[in-house]
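As a plain string of letters, each chain reads:
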Amino acid sequence: MTRYPWILLLGFCLAPQMLAVEPGPAVGDKSERNAELSTDLKQFVRGAIDEGLLTPVKPADPAPARAGLSDDTAAAMPPEPVPEKPQVMRARESACTGLYALDFSDLQRIGSYQELYAVRDSIDAAADQGGAPGTSTGLAKTHIALGLYSEALMVLTRIQGPEATPFRKLAELLDSRQRPDLEYFREMASCRPEAGHWYALAQMMSGDTDGFQNLQNALSEFRKLPLQMRIDYAALAIPELERNDDKALARKLMADFSEADIGNSSQLRFVDALVKLDSGDSSAERTIVGFLSHPQFQEQALGAMLRRKRPLDPAYQQILLSDLMQKFGQQDGDRQLAASLQFALEDLSAHSKYQPIMELARMPALQNPAAQAEVKRQLVASLQRDLRSDDPLRNLAAISALASESDLLDGHESKDLLIRAATEQAVHFGFGSIAGTLVAKSETRGSAAAQVATLAFRRHDYNSVYALADDNPRDEAITLLAAKSAITEQNKPLLATLESRLSLKPDTILALIEQDAVSGHWIVSDQIYAAASQLTGAEHTQRVARVKGLKPSAFGAPLPGAPMTMAHVRETLGATASASAPASRGSN
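Just so it is clear, the model here is predicted, and its values are computed rather than measured. (Residues numbered from 1 in each chain as written. Predicted model: local features only at pLDDT ≥ 70, side-chain atom pairs only at ≥ 80, totals over all residues. Heavy atoms only, no water.)

Asker: Just to check I follow, could you spell out the overall build of the chain for this structure?
Answerer: The secondary structure content of the chain amounts to 32 helices and zero strands. Taking as baseline every contact in the chain between residues at least 6 positions apart, the subset at least 24 positions apart corresponds to 64%. Accessible surface, the chain: about 31500 Å² in total, of which carbon and sulfur atoms supply 55%. (Helix = DSSP H or I, 4+ residues; strand = E, 2+ residues; numbered from the N terminus. Contact = heavy atoms within 4.5 Å. Areas by Shrake-Rupley, 256 points an atom, 1.4 Å probe, with all protein chains shown as cover.)

Listed below in structure tokens is the structure:
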């Protein structure tokens with residue numbers, strides 16, 4: 001008895017399968033509905049990709065591409081690749097082996113996603129009959145003809161052998177997510193003249209302007225491509241042509257498209273505006289500005305505007321800068337971000353915003369030599385401009401940036417000059433602590449340290465003077481300031497140490513004894529006074545005599561016991577004042 005419930009349950013499970021075998025009244029329309037749904041799906045996916053709402057899945061991660069697809073669409077996709085064991089790397093496959101595979105003339109009129117089903121059915125039929133050479137790549141080739149390059153790469157992961165290589169290289173070229181295999185297409189063009197347009201595109205994508213002439217010679221092959229491939233080709237080539245001011249060839253590419261083609265493709269609308277940007281067509285510039293908010297075209301649109309130095313609305317400029325800062329923080333650095341980086345740096349530099357520039361230098365998308373070099377170039381130019389400026393706010397912005405973040409310029413040839421200029425500005429503003437911080441960052445301190453020591457002495461920051469003297473023991477100007485500081489603080493042991501470092505030049509001797517007289521502590525050594533007595537210059541002997549005239553009275557000769565007359569008081573004070581005045585001036 002217990003078996004009956006299980007038998008009934010099994011029957012219910014099999015019932016849908018059995019019913020599916022018998023054709024119902026609606027089955028006759030199934031293929032038609034599938035065609036409509038697949039066409040709608042293709043248009044939706046293509047539009048979403050164009051608008052930046054969807055991103056094509058990379059070949060290494062095929063699973064997300066199936067999410068959300070209908071059962072029929074999923075059936076058209078190949079099975080997910082099974083991980084293979086590591087194999088020994090094979091020698092590079094030749095691009096000249098076998099027949100020329102990249103002839104798309106048989107698919108020139110393809111334009112519907114539903115045509116993939118017919119290709120899949122023909123491949124299945126060929127497989128049932130033992131398979132024919134090359135038929136396994138037919139599905140990938142159809143995906144490429146429809147502009148579905150990521151999907152083609154997924155199909156190709158299931159195909160082993162040299163017949164898959166040209167399609168894989170082409171899909172990677174048109175997908176433009178990595179640098180093209182230029183050498184492969186060069187080899188192919190050398191033995192297959194009809195592949196010249198692919199080699200030309202690979203050259204342009206690699207920054208080789210020789211590709212322009214090669215494309216000029218291969219336009220007839222370009223015109224044989226299916227519509228979507230021509231659109232994607234133009235979308236990659238025309239920005240390169242515009243960047244290098246080759247509008248004539250760009251117009252030849254655009255001449256291959258109708259007004260309807262341009263109206264139905266955001267890619268063509270964008271490159272058409274690029275071609276017309278310098279022709280006096282005001283709508284072209286508005287179109288380019290509109291594409292600045294579109295992730296797919298933002299970099300190229302910014303580049304076009306920057307090259308022409310076209311101004312942007314300030315409010316929109318701030319929004320765009322905020323978007324770019326987020327993008328720099330999220331990108332992995334594989335994409336070219338030159339125009340976006342240039343815009344961001346120029347905007348921040350124009351307003352002396354150094355903290356965001358420092359943050360840019362640490363962002364993931366800019367961790368490559370080219371980006372770091374551009375950040376440093378713009379940073380150095382901005383600091384030089386602001387340190388020379390007559391605007392105190394710009395001076396202070398540059399000083400603050402160098403005091404807090406100058407490590408970004410480590411190894412740069414301009415760092416020490418910038419540190420010196422910032423130190424001089426800090427001294428000018430009276431910022432002793434900031435000047436000291438800057439001097440500590442300098443590789444060749446020299447006069448900058450002496451300026452900071454002078455500033456610290458004037459501010460009675462004697463500890464800073466002592467520290468600078470310890471850091472610069474061979475700098476006599478700093479050592480003399482430290483000795484004068486020790487005299488002021490009555491630090492006789494320290495003074496003795498500092499005196500031993502000084503060469504007894506006339507100016508040094510006079511500075512010490514005059515500071516001794518001003519302080520009134522008389523702690524300068526007899527050796528210094530003995531050296532002062534040996535000076536022979538007229539001005540020198542006069543200054544020494546005045547200091548020595550003060551010294552005996554300073555030790556306190558006894559006052560007369562009898563009351564002094566007012567005339568005697570005036571005479572005594574006048575003599576003291578006349579003796580001390582030159583010493584005071586000498587100390588300065």
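Asker: Is there a simple way to explain the pattern of salt bridges in this structure?
Answerer: Side-chain pairing between opposite charges can occur once the charged atoms of the two side chains come close. Within the structure shown, the criterion is met by 17 salt bridges. Salt-bridge contacts for Asp256 lead to Arg230; the nearest nitrogen and oxygen are separated by 2.7 Å. Of this pair, Asp256 sits in the loop between helix H13 (247-254) and helix H14 (259-264) while Arg230 sits in helix H12 (residues 227-243); the two residues are 26 residues apart in sequence, bridging distant segments of the chain. Look at Arg230 and you get buried, because its relative accessible area is 11%. (Salt bridge = Lys/Arg side-chain N within 4 Å of Asp/Glu carboxyl O. Buried < 20%, exposed > 50% of the residue type's maximum accessible area, 1.4 Å probe, protein only.)

Asker: How should the packing of aromatic side chains be read in this particular structure?
Answerer: What characterises a pair of aromatic rings is the spacing of the ring centres plus the angle enclosed by the ring planes. Following the criterion strictly, the structure yields seven aromatic pairs and no others. Considering the side-chain rings of Trp198 and Tyr233, the 5.8 Å spacing of their centres and the 45 degrees angle between planes classify their relative orientation as tilted. Taken as a pair, Trp198 in helix H9 (residues 196-205) and Tyr233 in helix H12 lie far apart in primary sequence, 35 residues in all. Of the residues examined, Trp198 reaches a relative accessible area of 0% and is grouped as buried. Positioned over the ring face of Tyr184 is Lys169, at 5.8 Å from the centre of the ring. (Phe/Tyr/Trp six-rings, centres within 6.5 Å; stacked < 30°, edge-to-face > 60°. Lys NZ or Arg CZ within 6 Å of the ring centre and 35° of its normal.)

Asker: Would you take a moment to explain the side chain of His197 for this structure?
Answerer: Positionally, His197 belongs in helix H9. Within the structure, the side chain of His197 is placed 3.2 Å from the backbone oxygen of Glu194, a separation counted as a polar contact. (Polar contact = N/O pair within 3.5 Å; in protein donor to acceptor, adjacent residues only side chain to side chain.)

Asker: Explain the packing of helix H15 (residues 266-276) against helix H16 (residues 282-290) here, please?
Answerer: Any two packed helices are characterised by the angle at which their axes cross and by the distance between the axes. Across the interface, H15 lies against H16 with an axial gap of 8 Å and an inter-helix angle of 135 degrees. With respect to their mutual orientation, H15 and H16 come out oblique. Seen from above, H15 lies across H16 with left-handed handedness. Where H15 abuts H16, its residues Arg269, Phe270, Ala273, Leu274 and Lys276 lie against Ala284, Thr287 and Ile288. For the contact of H15 with H16, the class distribution of residues is five nonpolar, one polar and two charged. (Axes fitted to C-alpha atoms, helices over the stretch in contact; angles between N-to-C directions. Parallel < 35°, antiparallel > 145°, perpendicular 65-115°, else oblique. Left-handed = near helix turned anticlockwise from the far one by under 90°. Nonpolar A, V, L, I, M, F, W, Y, C, P; charged D, E, K, R; others polar.)

Asker: Explain a nonpolar patch on the surface here, please?
Answerer: On the surface, Leu393, Leu396, Phe431 and Ile434 cluster together into a nonpolar patch covering about 330 Å² of accessible area. Take Leu393: it is sitting in helix H22 (residues 392-405). Judged by relative accessible area, Leu393 falls into the exposed class, the value being 65%. (Patch = residues over 30% accessible without salt bridge, like charges linked within 9 Å, V, L, I, M, F, W, Y side chains within 5 Å.)

Asker: So what exactly am I meant to see when it comes to the state of the cysteines here?
Answerer: Every disulfide links exactly two cysteines, by a covalent bond between their sulfur atoms. Summed over the entire model, instances satisfying the criterion amount to one disulfide. A sulfur-sulfur separation of 1.9 Å characterises the disulfide bridge that pairs Cys96 with Cys191. A torsion of -100 degrees about the S-S bond marks the disulfide between Cys96 and Cys191 as left-handed. Residue Cys96 is found in the loop between helix H3 (71-76) and helix H4 (115-128), and its partner Cys191 is found in helix H8 (residues 182-191); the two are separated by 95 residues along the sequence. (Disulfide = S-S within 2.5 Å.)

Asker: Before we go on, may I ask you to explain the confidence of the model for the chain in this structure?
Answerer: Detailed reading of the predicted coordinates is not advisable wherever pLDDT falls low. For the chain, per-residue confidence averages 75 on the pLDDT scale, and 69% of positions sit at 70 or higher. With pLDDT under 50 throughout, residues 1-10 is counted as low confidence; its partners more than four residues away or in other chains account for zero contacts. For residues 579-588, every residue scores under 50 in pLDDT, and the model assigns this stretch 16 contacts once sequence neighbours within four places are set aside. (pLDDT = per-residue confidence, 0-100.)

Asker: What am I meant to see in the environment of Ala118 here?
Answerer: Turning to its location among the elements, Ala118 is positioned in helix H4. Owing to a relative accessible area of 51%, Ala118 belongs among the exposed residues under this scheme.

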